[in-house]
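# Coordinate analysis (summary)
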Amino acid sequence: MFRYIVKRLIEIIPIIFVVSLLIFFFIHLVPGDPVRLAAGKEATLEEIERVRQELGLDKPLLTQYINYMQNLLTGNLGHSLKTGLPISDMFENRFSVTMTLTFMSLGWALVLGLLIGTISAVFRNKWPDYVGMLTAISGISLPGFWLGLILIQVFSVTLGWFPTGGVDSWKSYVLPSLTLGAGIMSMLARFTRSSLLETLKEDFIRTGRAKGLKESVVVRKHALKNSMIPVVTIAGLQFGFLLGGSVVVETVFSIPGMGRLLIDSIAFRDYPVVQAVILLFSLEFILVNLLVDILYKALNPKIRYDS
Amino acid sequence: MKKASFLRTASVLLFSVALLFGCSSGGGSGSGTPAASNGGATTGAPQKDQLVIAVNENFITMDPQNTGDALSSGVQSAMFEGLLIYDKDLKLMPGLSTEYSVNKDATEYTFKLRQNVKFHDGTPFNAEAVKINFDRMSNKDNNLRAYRNYKYIKSTEVVDEHTVKVTLNQPFSAMINKFTTGIISPAALEKYGKDITKNPVGTGPYKFVEWVQGDHLTVELNPDHWNKGAAKVGKIVYKPVPENGSRVAMLKTGEADVIYPLPEQQVETLNGEEGVKVERTPSTITRYVSINMLKKPFDDPRVRQAINHAVDKDAFIKVVKSGYGAQLESVMSPTIAHYAKQGTYEYNIEKAKQLLKEAGYENGFTTDIWGNTNSDTMKGMQFIQQQLQKVGITVEVKSMEEATLSDEIYGIKSPEEAKMNMWYVSWSSADPDNAMRSLFSSENFPPAGANTAFYKNDLVDQSIKEATQSSDQDKQKQLYGVVQENVFKDAPWIFLAVDEILYGKRANVNGVYITPSGGIYVREAAFQ
Amino acid sequence: MEVVKEIGHNVVVPTEKKSRAREFWKKWKKQKTAFWAGFFILFLFVIALFGPWIAPYDPYEPNYDVTLQTPSIEHWAGTDEYGRDILSRIIVGTGISLGVSFSSVLVGAVVGTILGLISGYYGGWMDRLIMRWSDVMFAFPDLLLAIAIVAILGPGLTNVVVAVAVFSIPSFARLIRGNTLAAKEAVFVEAARSMGAKSSRIMFRHIFPETVSSMIVFFSMRIGTSILAASSLSFLGLGAAPESPDWGAMLSMGRDYLATSPHVVIIPGIAIFLTVLAFNLVGDGLRDILDPKTKN
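Residues numbered from 1 in each chain as written. Chains lettered and ligands numbered in written order. Predicted model: local features only at pLDDT ≥ 70, side-chain atom pairs only at ≥ 80, totals over all residues.

Let us look at the overall build of chain B. Helix and strand counts for chain B come out as 16 helices and 21 strands. Taken over the C-alpha trace, chain B has a radius of gyration of 26 Å; the compact-globule value for 528 residues is 24 Å, and the two agree within 12%. With respect to the three principal axes, the spread of C-alpha positions in chain B is 85 × 80 × 50 Å. Residue burial in chain B is summarised as follows: out of 528 residues, 51% are buried. For chain B, long-range pairs separated by at least 24 residues make up 69% of all intrachain contacts whose partners lie at least 6 apart in sequence. (Helix = DSSP H or I, 4+ residues; strand = E, 2+ residues; numbered from the N terminus. Rg over C-alpha atoms; globule rule 2.2 N^0.38 Å. Buried ≥ 20, exposed ≤ 12 C-beta atoms within 10 Å, placed from the backbone. Contact = placed C-beta atoms within 7 Å.)

What follows concerns the overall build of chain C. Secondary structure assignment for chain C yields 13 helices and zero strands. Mapped from its N terminus to its C terminus, chain C presents α and β elements in the order α-α-α-α-α-α-α-α-α-α-α-α-α. Burial status across chain C gives 53% buried among its 296 residues. Of all intrachain contacts in chain C linking residues separated by at least 6 positions in sequence, the fraction that spans at least 24 positions is 67%.

For the rest of this paragraph, the subject is the UniProt feature "transmembrane region" (unreviewed entry) in chain C. All names here are of chain C. Following the UniProt record, the feature "transmembrane region" (unreviewed entry) maps to residues 34-55, 102-124, 136-154, 215-241 and 261-283 here. Taken end to end, residues 102-124 comprises 96% helix and 0% strand; its first and last C-alpha atoms sit 33 Å apart. Segment residues 261-283 splits into 91% helix and 0% strand. End C-alpha atoms: 34 Å apart. (UniProt positions renumbered as here; feature names shortened; annotations may be inferred.)

Residue and element names in this part refer to chain C. For chain C, the mean per-residue pLDDT works out to 80, and 88% of the residues sit at or above 70. Segment residues 1-13 is flagged for pLDDT under 50; beyond a separation of four residues in sequence, or across chains, it makes four contacts in the model. Considering only residues more than four positions removed or in separate chains, one finds that residues 292-296, a stretch of pLDDT under 50, has six contacts. For this predicted complex, the interface score ipTM comes out at 0.76, while the overall pTM is 0.82. (pLDDT = per-residue confidence, 0-100.)

With that settled, consider the interface of chain B and chain C. The partner chain C presents 19 residues to the 22 residues of chain B that form the contact. Residue assignment for the side of chain B that touches chain C shows that the elements contributing at least two residues are helix 7 (244-253), helix 8 (267-270), helix 10 (313-319), helix 12 (375-389) and strand 15 (394-399) of chain B. Per-element accounting of the side of chain B that touches chain C gives the leading share, six residues, to helix 12 of chain B. In the side of chain B that touches chain C, the residues fall into six nonpolar, 12 polar and four charged. (Nonpolar A, V, L, I, M, F, W, Y, C, P; charged D, E, K, R; others polar.)

The subject of this paragraph is the UniProt feature "domain: Solute-binding protein family" (unreviewed entry) in chain B. UniProt marks residues 91-444 of chain B with the feature "domain: Solute-binding protein family" (unreviewed entry), using the numbering shown here. In residues 91-444 of chain B, helix accounts for 29% and strand for 25%; the two terminal C-alpha atoms are 27 Å from one another.

Residues and elements named next belong to chain B. Bridge analysis of strand 8 (residues 206-212) against strand 9 (residues 216-221) gives six bridges, and the strand direction is antiparallel. Paired with W211 across the bridge in strand 9 is L217. Taking the residues between adjacent antiparallel strands as the criterion, strand 8 and strand 9 are bridged by three residues, where G214 takes a positive phi near 80°. (Pairing = 2+ DSSP bridges.)

All right, on to the nonpolar core then. In terms of nonpolar packing, the biggest core is built from 311 residues, with L188 of chain A together with I53, I236, I259, V289, I384 and I494 of chain B touching the most fellow members. The residues touching L188 of chain A, leaving out its near neighbours within four places in the chain, are A109, L110, G113, L114, G117, V231, I234 and A235 of chain A. (Core = buried A, V, L, I, M, F, W, Y, C linked by C-beta atoms within 7 Å.)

Turning to the sheet that holds strand 4 (residues 97-102) of chain B, a few remarks are in order. Residue and element names in this part refer to chain B. In space, the four strands of this open sheet follow the order 4-5-7-6, with antiparallel pairing throughout. With partners counted over all chains shown, the strands left at the sheet margins are strand 4 and strand 6 (153-160), one partner each. Taken pair by pair, the neighbouring strands of this sheet meet at an average axis angle of 20°, ignoring direction. Taken together, the five bridges between strand 4 and strand 5 (residues 108-113) define a ladder with antiparallel strand orientation. Bridged to Y100 within strand 5 is F111. Contacts between helix 3 (residues 127-138) and the sheet are confined to strand 5, strand 6 and strand 7 (163-168), with strand 6 contributing the most and set at about 175° to the helix. (Axes fitted to C-alpha atoms, helices over the stretch in contact; angles between N-to-C directions.)

This paragraph deals with the interface of chain A and chain B. Chain A puts 64 residues into the contact, and the matching count from chain B is 53 residues. A total of 15 residues in the side of chain A that touches chain B trace back to one element, the largest contributor, which is helix 5 (residues 87-122) of chain A. The class makeup of the residues in the side of chain A that touches chain B is 30 nonpolar, 17 polar and 17 charged.

Following this line, the structure appears as structure tokens:
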């Protein structure tokens, strides 16, 4: 197990390298010129060339990439083309904000998702199942920005329970994390249910029942564990969507996080910032998936990691 | 599969859930809480002393000499002052200078400076400070935005402690408007270098407290301001809130005291709302469609006029601007100096068809219109599409991201290369030079400038040039009048509307205004 | 003939198919919610096919005198900011939404399933390559990927399909791989292998059926997700042309009016909601029936 983890950690290095290479050339492929935007509508050709030189965007792409990688290896993320500020400064607050938001969303999605899924499976085709699945399905059937706006309208404007946005206290995170987590909660609930139902038909469960074990014991002790594999996979998969979803939710709730920074930076073609944000997102996502694979192994020792 | 393995699984799950919650509460404490106390129910609380202003975008820089966006300069105006400042109606008024004089050719400007003024860091404000600032901006190597205007400065002389003489290298009458650029403390420039963008030190009525990237920027009252007492609010917090609906909600709940911009479609929800006031001001923003005059069929003036006749401007304001705005009756907003009203192209489909027939396009033609991806722009483009359909012109709506769009429009090698046919856009300017020279002078064809209609008229070129070389206001008025008349007649645009500035504020807020150019004027901010 | 077939040895396969279909139908009728949801989807397909002839008004024709009207007898679903009939736009837009989401998920599912089977079955460097590639794909937020794809290819519905399909592929690949890993160890696969069956046969005959149930559930979810994804692209102005009655475009164009004329936003929202709901219910129902263990 330990060797496996070390091996996977080492494998991260080439992935990150490939990601950085891909992003770099990918975003330069997208049409749009940050110099034009930085210099403004009225800029003369001379001004534009001057800005281009100052930002180092006049050099060949390969040289730019080498410079960028050199800086990156020394831990220097570079400066924003838009604000001129060091990117590490811009990340300072935003990173913890987005992490808080994503983990809070994932946290309550996991708890509620597992709960609803289990209840639905146990009470299959009875009313708790219908209520649970209806809740779950509703969660994935609504566009995020739409749900967010309606939550603000109801809980902030009308009832005044939560602030409309910002990150001033834990209360500020309630509505955004509900919005962000809704889809994942639904997916987890559905997967828990279907996976549990499948497991309940397995031979060893039948054996357990035949032995006269109580149904609750069967569910708790045997079925739940064995149905965790797809659920864990989905939770890991969804983490990537959470990062993507943070873009919309951070906009709707005016949260100063990484997602909004990414959207602003893409719009401005602020290459260094886009690169840095995505690199960070990638790293996070890869680490979470590594964790998923490890859990996988813990949950199902049958799976061999012989390769 | 036995008990032990279940326990292990359960503990892993529990652990991971705990980890998630652990992380979240840990991260939460890291983010600041400066505006937390500013809830809606402040009526019973002691004298409210913090004003929250919610705006739609992030601020980019706090270096007033290197700023390109209206929002950043709006925030800076609380902290910085120029030799002259704009008042809330965009009239020039004395700032760090008490009086000035200009020679007839508009090449020499002399300023008497205000005395006993100190920067926020204690540095005295004097002629030397002005010189350091002007030299900074007129030096090409510093690569500042303000260089665009200050490149005309040949030299800045310190005449005495409180007098400065500026000599230009060519006549430039519009220069007077450019002396509104904020003056930075020379000591701070020395100390922070490039980081001045994060550490603004000026002379204004408010001084900088903090700028939490992406979240908010706070300023506090400057007790030593030369015009002490005009502004009364102790603290102002500027917050970027990009989502229109959220901004409106914040005003309703009292989380924000002032919001700008207030989207036209949502004004109605605030009308009649207790404790909230909606403010309207004519703006400097003109809304139009730029027509590429180098391309067929738009090279024919009758086609351009026909298009203007085919568009119902009243319906445009009603449908696209929800009724807020006025018809564009010249090439710029009436709020700008030397405005000359030209009237409108009357909405008349028959006339439009007749003109198209004369031009040889009886059966219409197919073309496209470009614009960015803002919902307002898309709405406007669809409207144009619907209107031109009625005279047989089929328009394809193409919305592009701003960066792609500006590259397509300005990033061309030569004017002939331009692929644009029509461009739905707006322009905001504070002075007539910027409103006309930038957009209609033939030296400003893209990629060199913003004359995206590729408009060329020798009389207009000549008049603009003469106007920039004279400091005589009457002569300027006459020359700019000629420009407006000719451009309007030649119809390089579809003339649509002048926007209204709409902003909302709590009823107990006094003395906070949004200026016609979208600046945020807080020099008299107070609570009732 | 039928009778003969049922008795004959050499025609077992078609008979089996036939009786399976019958069995399926029998079970399907018992799935009440899924049955009605399926009925609703069928109804949507009819609307999608005949929409332009059913719609009471021209969905593109503006009428500035009746802008933003609430539902009435003339306009059952009210009118939008240009005075266009919202019901007509919803009807004509059904085809767009269904077409875009179906084709994009189908492309994603086919490519993703093949990759997932290969990855899980062969393991080794192929597995690592495919999984690391999917890590890389995941590491790109959907939105950026979509923006990039549409920016490079240009806006338009075909490119929306490509963009949505591209970010469906790794999800399918990962899911199928997970199932393949588990199924590979199953007794019957071991048996097939020991009998010397070819890899491709084992993959598609033995392992693939094991993955079908999860895939169907996921497919139904992805239909919903892709309707929402396409609407996000329209929301960013990168999807369908703004004048087209695409539900996503209607929703995002209308959101400025949420506070004043909520029906402009709520009605396309409900259309999306019901459609996604129906697909999910059908997915659940199918899953219960097609479960490989109950089938055998």
